[in-house]
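Breakdown of the fold
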Amino acid sequence: MVCHFEWNGLALQADLTRPIDLSTVLVGNGGPNPSAWYVDSPRMTPVVGEGFVGAVDQGGAVNFRDVLFNPHGHGTHTECMGHITPVVHPVDPLFRNQTNHLPCLATTVTPKAMEEDLVVDADQLDALPNAPWPPALVVRTLPNGEDKKTRAWSNTNPPYFTVAFMTKLVEQGVKHLLVDLPSVDREVDGGRLEAHHTFWGLPDNPRSHCSITELVYMPSSAPDGMYLLHLGVAPMDNDAAISRPVLYPLI
Ligand SMILES: [Zn+2]
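So, a few notes on the structure that sits alongside this text. Fair warning: this is a prediction, and the values are worked out from it, not measured in the lab. (Residues numbered from 1 in each chain as written. Predicted model: local features only at pLDDT ≥ 70, side-chain atom pairs only at ≥ 80, totals over all residues. Heavy atoms only, no water.)

On to the coordination of the zinc ion. Those protein atoms acting as donors to the zinc ion are His-72 (ND1), His-77 (NE2), Glu-79 (OE) and Glu-214 (OE), and they sit at 2.0 to 2.3 Å. Note that the zinc ion binds 4 donor atoms; their angles at the metal cover 80 to 176°, and the shape is irregular. The motif formed by the donor residues of the zinc ion, counted along the single chain, is H-x4-H-x1-E-x134-E. Each of the two residues, His-72 as well as Glu-79, counts as buried. (Donors = N, O, S within 2.8 Å, 3.2 Å for Na, K, Ca; no water. Tetrahedral: all angles 85-135°; square planar, octahedral: opposite > 155°, others 65-115°. Buried < 20%, exposed > 50% of the residue type's maximum accessible area, 1.4 Å probe, protein only.)

Structure, rendered in structure tokens:
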């Protein structure tokens, strides 16, 4: 199955039979699940009512569980500028009745030392082509061990992105940024969130159509370069929602 699309005047083809899923899996009740921002494990709890238990192994007719999780803290999620505005703008309209298949560039960087931190800076994009960039960009950071899919990130001061990096993305017209870190900003920054503000043009030039997807995992076997991205976002009236970004290689 092949998808034909056009980007920058080029006729491209993506192989839909070879998906590369960048999402982590939401696992509850202390199972292997990534976490950040000091949240406990997601909880999946059978509903119990009068004469009813939502667990087949406890005698119920069906499994019927309440699920409690935090989109930002429990794995792959996509957020919009509502994450940092007084009005909690929802992420859903960005993807409802929209073309969620996007030309996408994937690049790998090694965060560099800046004082006691590790950062991804604008000069680490210098290797990318000068030609127009597609609307979506995946940034994979090294090292890229599979433990990222279930890592407990809280209190680890993960790498983050500089304002210069985010400014370059805005200049290049990147609308959807996907990263394998818990945030584009420093874990503890006094609430400034400069990278988020820069990407979304807040407060002066809001880019309400733009999204950031965090805590993806791009397998090391997938090379850098151009792909077709499908960015599937769970329909929720919230600033962020669990999501499933999938890359399709070009042929
Ligand atoms: Zn987030």
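If you trace the backbone, Glu-115 turns up in the loop between strand 10 (112–114) and strand 11 (117–120). A C-alpha to C-alpha distance of 43 Å links Glu-115 and Glu-6, two positions 109 residues apart in sequence. (Helix = DSSP H or I, 4+ residues; strand = E, 2+ residues; numbered from the N terminus.)

On to the nonpolar core. Membership of the largest hydrophobic core comes to 28 residues, with the highest contact counts inside it found for Phe-161, Met-166, Leu-169 and Leu-177. Elements represented by at least two residues in this core include exactly strand 9 (101–109), strand 12 (136–141), helix 1 (163–171), strand 14 (176–179) and helix 2 (194–200). Not counting the four nearest positions on each side in its chain, Met-166 is found in contact with Phe-161, Leu-177, Val-184, Ala-195, Thr-198, Phe-199 and Ile-212. Counting residues in hydrophobic clusters, the runner-up holds 21 residues, among them Leu-22, Ala-106, Met-218 and Ala-222. (Core = buried A, V, L, I, M, F, W, Y, C linked by side-chain atoms within 4.5 Å. Contact = heavy atoms within 4.5 Å.)

With that out of the way, let us pick up the packing of aromatic side chains. For the coordinates displayed, the defined rule picks out 3 aromatic pairs. Judged by centre distance (6.0 Å) and plane angle (80°), the rings of Phe-52 and Phe-64 are edge-to-face. Note that Phe-52 is positioned in strand 6 (residues 52–53) and Phe-64 in the loop between strand 6 and strand 7 (65–68), a separation of 12 residues in sequence. The exposure class of Phe-52 is partly exposed, given its relative accessible area of 32%. For Phe-64, a relative accessible area of 47% translates into the label partly exposed. Relative to Trp-200, the ring of Phe-199 has its centre 6.3 Å away and its plane inclined at 65°; by these criteria the two rings are edge-to-face. Comparing Phe-199 with Trp-200 shows no difference in burial state: the two are buried. Sitting over the face of the ring of Trp-153, Arg-151 holds its NZ or CZ atom 4.6 Å from the ring centroid. The ring centre of Phe-199 lies 4.7 Å from the NZ or CZ of Arg-207, which sits over that ring. (Phe/Tyr/Trp six-rings, centres within 6.5 Å; stacked < 30°, edge-to-face > 60°. Lys NZ or Arg CZ within 6 Å of the ring centre and 35° of its normal.)

With respect to the secondary-structure elements, Ala-136 resides in strand 12. Classification of Ala-136 by relative accessible area gives buried; the value is 0%. As a C-alpha pair, Ala-136 and Ala-106 span 30 residues in sequence and 8.6 Å in three-dimensional space. Not counting residues within four places of it along the chain, the set of residues in contact with Ala-136 comprises Leu-102, Pro-103, Cys-104, Leu-105, His-176 and Leu-229.

So, about helix 1. Buried within helix 1 are the following residues: Phe-165, Met-166 and Leu-169. The arc that holds the buried residues of helix 1, viewed along the axis, is 95°, so those residues lie on one side. Against strand 11, strand 12, strand 13 (160–161), strand 14, helix 2 and strand 15 (211–214) lie the buried residues of helix 1. Positive phi appears at Gly-173, one or two residues downstream of helix 1, with a value of about 80°. (Arc of directions from axis to C-beta.)

Attention now goes to the sheet that holds strand 11. If you walk across this open sheet you meet the 3 strands as 10-11-13, and the pairing is mixed. Edge positions in the sheet fall to strand 10 and strand 13, since each of these pairs with one other strand and no more. Strand direction decides the pairing type here: strand 11 and strand 13, joined by 2 bridges, are parallel. Bridge pairing in strand 13 links Val-119 to Tyr-160. (Pairing = 2+ DSSP bridges.)

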